[in-house]
Amino acid sequence: MNSQLKKEIEKQSKSALQLCKLLHQNPELSFQEFETAKRLAQELKDAGLEVTEDFGGNSVVGVLKNGKGAVVMLRTDMDALPVKEKTGFDFASTKKVKSKNGEEIPVMHACGHDIHMSVWTGTIKALAAKKKEWKGTLIALAQQAEEFSGGAGEAIDAGLFEKYPVPDAALAYHINPELESGKIGLVRGPVFAGVKTAEITVYGEGGHGAYPEKCIDPIVIASRIVLDLQTIVSREISPLEPVVVTVGSIHGGTRPNIIPDEVKLELTLRYYSDEAIEKVIAGIKRICNSAATMAGMPPDKLPDVTILDVDTPPVLNDEKLTGKIHGFASELIGEKNIISTKPAMTGEDFGKFGRTQENIPICLIWLGSTNPELMQELEVKGEEPEPLHSPYLKPDYPKTIETGIRLMTANAMGLMNQKD
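Residues numbered from 1 in each chain as written. Predicted model: local features only at pLDDT ≥ 70, side-chain atom pairs only at ≥ 80, totals over all residues. Heavy atoms only, no water.

A.B. asks: Hey, could you run me through the pattern of salt bridges in this one?
C.D. replies: Oppositely charged side chains are able to pair whenever their charged atoms sit close together. Tallied over the full model, the rule gives 12 salt bridges. Ionic pairing is found between Lys-183 and Glu-180, a salt bridge with its closest N-O pair at 3.7 Å. A residue is classified by how much of its surface remains accessible, and Lys-183, at 22% relative accessible area, is partly exposed. Among the salt bridges present, the one from Arg-286 reaches Glu-236, with a minimum N-O distance of 2.5 Å. (Salt bridge = Lys/Arg side-chain N within 4 Å of Asp/Glu carboxyl O. Buried < 20%, exposed > 50% of the residue type's maximum accessible area, 1.4 Å probe, protein only.)

What follows is the structure, encoded as structure tokens:
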């Protein structure tokens, strides 16, 4: 990285920090990123990109063609979370929006998307300013609704890979409070788990709580189901296969002396392989039917098991692409600052871009975001940094943003200039 490029990155890092503070103060929820999208679209226009707004919703697509070469897509997410900020920053969010039921709720960038957008903008502007340093095509995607896990799919359905050049590589990044700023985390293979949501309705025959023998109690059936579901992971899936089955919600009944007619359960399922999740779903259905049958429910009143359409596939980093990113990063920040991280069971819809018929190699990079001095203080106390989605999340904004722009600029240039 020559001196002129370094100066440009320093310039863009300062500008990106100011943009980040502005975005942080004005967060917007999933599918409501109207002003955020307008601002990012303007940033792309100012950098000289051809811009399409309102793509598949609030997403923004920018294209910068710069001769013959590789096509690289850089993706950022835009949405915030319904969290009341408690950081004490002078640029903290005090914004509130109305929920679907009309209630005012606080909003915060508690997952680092403000940093993601700022790094994305700074990287694109650095690349646009230094077009002599690379050849190829840059696709810039600002994606709506990552937290809701709908934005990536809607962009694909709107024709992202049909209306624009198909990427040879797609890159994204996510802050990681467990890593010091100035460092990155890389995983060759699974990074984030796939996520599915299941809803179960358990039926019974209700009546007076004083006469249970005249009823079939769906609360008892549901309780048996909750316990038996725990055996799917422990006794039906290999210990070497990461899978999570969590019952996060159970609702049934209105009064202590009334046995209800039904109980509803909601589950989150986490996985890495399609084979494993198919086995999990089959196990859920079998356990539900068996519990109801044992209680005496007829075949036409067995539980309904619904797997919701909102689906987040696992994020699987392409090994070859990740190897290239590792090489670029080692030259830039040194091998000691590249951490081999473990897969997480949280979800991220970036994985959808790698599962289309175009078979695009993808790589998601962790950006360390906790100040090194703070990390040392916490380690001495036996404490850990505030996690993602915390109202107290306190990233090291300047260092994280500057590191992100340096690395993503180097990654894009490296891939453009080394297509094969």
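A.B. asks: How should I be thinking about unusual backbone geometry in this particular structure?
C.D. replies: With the exception of glycine, the majority of residues adopt a negative phi angle, and the majority of peptide bonds are in the trans configuration. Despite not being glycine, Phe-31 has its phi angle at roughly 70 degrees, a positive value. Tracing the sequence through the fold places Phe-31 in the loop between helix H1 (3-25) and helix H2 (34-46). Looking at Phe-31, the relative accessible area reads 30%, which means it is partly exposed. (Helix = DSSP H or I, 4+ residues; strand = E, 2+ residues; numbered from the N terminus.)

A.B. asks: Can you walk me through the side chain of Asp-349 in this structure?
C.D. replies: Relative to the elements of secondary structure, Asp-349 occurs in the loop between strand E17 (338-340) and strand E18 (362-370). The exposure class of Asp-349 is buried, given its relative accessible area of 1%. Only 3.2 Å separates the side chain of Asp-349 from the backbone nitrogen of Ala-152, close enough to count as a polar contact. Ignoring anything within four residues of it in the chain, the contact list for Asp-349 reads Arg-75, Gln-143, Ala-145, Glu-146, Ser-149, Gly-150, Gly-151, Ala-152 and Thr-312. (Polar contact = N/O pair within 3.5 Å; in protein donor to acceptor, adjacent residues only side chain to side chain. Contact = heavy atoms within 4.5 Å.)

A.B. asks: Looking at this structure, how should I read the sheet that holds strand E6 (residues 136-143)?
C.D. replies: Hydrogen bonds between backbone atoms are what pair the strands of a sheet, whose relative direction is either parallel or antiparallel. One open sheet accounts for 8 strands, arranged E1-E2-E6-E3-E7-E18-E8-E17; its pairing is mixed. Looking at the sheet topology across the chains shown, the edges are occupied by strand E1 (50-55) and E17. The average undirected angle you get between the axes of adjacent strands in this sheet is 25 degrees. Bridging between strand E3 (residues 70-77) and strand E7 (residues 169-180) involves 3 bridges; their strand directions are parallel. Within E7, the residue paired with Met-73 across the bridge is Ala-170. (Pairing = 2+ DSSP bridges. Axes fitted to C-alpha atoms, helices over the stretch in contact; angles between N-to-C directions.)

A.B. asks: Would you mind going over helix H9 (residues 372-381) with me for this structure?
C.D. replies: Side chains three or four residues apart in an α-helix point the same way, a direct result of the helix having 3.6 residues per turn. Its side-chain oxygen at 2.8 Å from the backbone nitrogen of Glu-373, Asn-371 defines the N-terminal cap of H9. One or two residues past the end of H9 sits Gly-382, with phi positive at roughly 75 degrees.

A.B. asks: Would you take a moment to explain the nonpolar core for this structure?
C.D. replies: Proteins that are soluble and globular tend to have nonpolar side chains buried together. By size, the foremost hydrophobic cluster in this structure holds 61 residues, and its most contacted members are Trp-120, Leu-171, Ile-184 and Ile-325. When residues of this core are assigned to their parent elements, the largest contribution, 9 residues, is made by helix H10 (residues 397-417). Once you skip the residues sitting within four places of it in the chain, Trp-120 turns out to touch Leu-40, Leu-44, Leu-74, Arg-75, Thr-76, Ala-140, Leu-141, Ala-142 and Tyr-173. Ile-225, Val-245, Leu-265 and Leu-302 belong to the second-largest nonpolar core, a separate cluster that totals 30 residues. (Core = buried A, V, L, I, M, F, W, Y, C linked by side-chain atoms within 4.5 Å.)

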